[in-house]
Amino acid sequence: MQNALHRQIDEALGLDLTPPVSVTQVGSAELPSCFAVTDLAVSAFRAASVELAELIGAHEVVLDRRLAALWFDMTLRPVGWDLPSAWDAIAGVYRSSDGWIRLHTNAPHHRDAALRVLDCAADWDAVASVVERWRKTDLEAAIVAGHGAAAAMHTTDEWAAHPQGRAVASEPLIDWQQIGAEARPVRIEQIKVLDLTRVLAGPVATRFLAGFGAEVLRIDPPWWTEPGVEPEVTLGKRRAGLDLTQTNDRTRFERLLSDADVLVHGYRPGALEGLGYGRDRLCRLAPHLIDVSLCAYGWSGPWADRRGFDSLVQMSCGIAEEGMRRKGADRPVPLPVQALDHATGYLMAATVLRALRIRNRSGKLMSARLSLARTAALLTSQGSRDFQGAVIEETEDDLDPSTEPTGWGPARRLRFPVQMDKKGPNWRHPAGPLRIDPASW
């Protein structure tokens, strides 16, 4: 199953430049799931690692399966302080009148949208009492129409027959397009990456790039916050704030774009265009720019512009229902980690590195699009099985011996699962709060 995942990812990255670098896999682990989630973790790390190795000329790549599984979850271990919860108090799965639905309320505006539809207090029991009077798809539609985020649970067969499921199945894992030509070859230590992503998948990609030499500048609007994951996703990056609806901030953003080598963004289809930065505009502002983007539900079909997150996509595409059925549980059983986010993140990193290799070798300038739903299709295409694996019991050996001076206090972090010629990543900036750096390279 792992080799099948390797092959599909290699094909998506492009057979014409399949890296000759081999990977030595060490360690053993199996996260508890009816899907091959640990194989997916290994394959995603492998993809990013071999692309990086070929770009920098590394000869030996060692990938630890146990640490790869652990890095698909939170990696920071605070010393003398506590991490905030990754979940809002009313986020989670609820029983409706005809099934199950998940509400995603971590962002305040998504929480407000759900509560407007439900017309109840921000209390779990109050929400549950109202949700159970709704049909799941009716409530999902109402919350989505109100600019919130929710997902009714489907089976894998229902998703395969759903218009959005069919649309996602027809999309490539990585949707490549040549957008120009650029004759300037660069090394990873020279590249500037402008990061317009949130929460997990995109920030995981740019965290990987930052660890191996790229200069990453993350841009957030003044109102955005994600305290539950900031200690994870800000590692290695400088972090600035800009409001792209304001003239002065747009001017600063465009200056950043003109000097960037790579743009990574996670806007829903049409959203960046709505801000005035569609493909044609980006090409005029930065004709040398590699553009890699992601969305939740795919780039075609009726849900292409729907707000979504890993946990919601797992409900929509049948993963949570399959887990419930295979485990004999009385409620949805998602993957043990946010595997769609993490896997898509490392695939995005691999895509950026492949685009750099293509640019260095042929001068072709590429863009690429990925989605959480298409990564879910990659995982479910391997089939399901009876539950295997167990929770990994962390040991002191799993932790890096150094202490990271984060913006919240000292912490330890898990050892990174990849070694390149016996060297791991070197993150120049510790994790810290958003918007504390100037919007400049």
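Structure: above.
Everything in this summary refers to the structure shown in the same document. (Residues numbered from 1 in each chain as written. Predicted model: local features only at pLDDT ≥ 70, side-chain atom pairs only at ≥ 80, totals over all residues. Heavy atoms only, no water.)

With that settled, the discussion passes to the layout of surface pockets. Roughly 890 Å³ of volume is contained in the largest pocket. Taken together, 34 residues line the largest pocket, and the ones lying closest to its centre are Arg198, Trp224, Gly266, Tyr267 and Arg268. Of the residues contributing to the lining of the largest pocket, the split by class is 19 nonpolar, 7 polar and 8 charged. Those elements that place two or more of their residues in the lining of the second largest pocket are strand E4 (92-96), helix H14 (310-316) and helix H16 (339-362). When grouped by side-chain class, the residues that make up the lining of the second largest pocket number 21 nonpolar, 10 polar and 8 charged. (1 Å grid on protein atoms, 1.4 Å probe; cavity = no way out; pocket = protein on both sides within 12 Å on 5 of 7 lines; lining within 4 Å. Points joined across faces, edges and corners; volume = space filled by probe spheres on them. Nonpolar A, V, L, I, M, F, W, Y, C, P; charged D, E, K, R; others polar. Helix = DSSP H or I, 4+ residues; strand = E, 2+ residues; numbered from the N terminus.)

The subject of this paragraph is unusual backbone geometry. Across residues other than glycine, the phi torsion is negative in most instances, and most of the peptide bonds are trans. Phi at aspartate 119 is positive, roughly 55°, even though this residue is not glycine. Turning to its location among the elements, aspartate 119 is positioned in the loop between helix H4 (108-118) and helix H5 (124-131). A positive phi is found at arginine 435, a non-glycine position, where the angle reads about 60°. Its location among the elements puts arginine 435 in the segment after strand E16 (418-420).

The strand order E7-E13-E12-E11-E8-E9-E10 describes an open sheet built from 7 strands, whose pairing is mixed. The open sheet terminates on both sides in strands that have one partner only, identified here as strand E7 (175-181) and strand E10 (238-241). Taken pair by pair, the neighbouring strands of this sheet meet at an average axis angle of 20°, ignoring direction. Pairing of strand E11 (residues 262-265) with strand E12 (residues 290-295), which is carried by 4 bridges, proceeds in the parallel orientation. The partner of histidine 265 across the bridge, within E12, is serine 293. Strands strand E8 (192-196), strand E9 (215-220) and E11 of the sheet are contacted by helix H11 (residues 247-259), whose axis makes an angle of about 140° with E8. (Pairing = 2+ DSSP bridges. Axes fitted to C-alpha atoms, helices over the stretch in contact; angles between N-to-C directions. Contact = heavy atoms within 4.5 Å.)

Here we take up empty space enclosed by the protein. Scanning all chains against the criterion turns up 2 cavities of 30 Å³ or more. Considering only enclosed or pocket space, the largest cavity measures out at about 60 Å³ in volume. Along the walls of the largest cavity sit Ile179, Arg279, Leu282, Cys283, Ala286, Pro287, Leu289, Asp291 and Leu365, which together make up its complete lining. Element by element, the count of residues in the lining of the largest cavity is highest for helix H13 (residues 279-285), at 3 residues. Grouping the amino acids of the lining of the largest cavity by side-chain chemistry returns 7 nonpolar, no polar and 2 charged. Within the lining of the second largest cavity, the residues separate by chemical class into 9 nonpolar, 2 polar and no charged.

The values are spatial; any link to function lies outside them.
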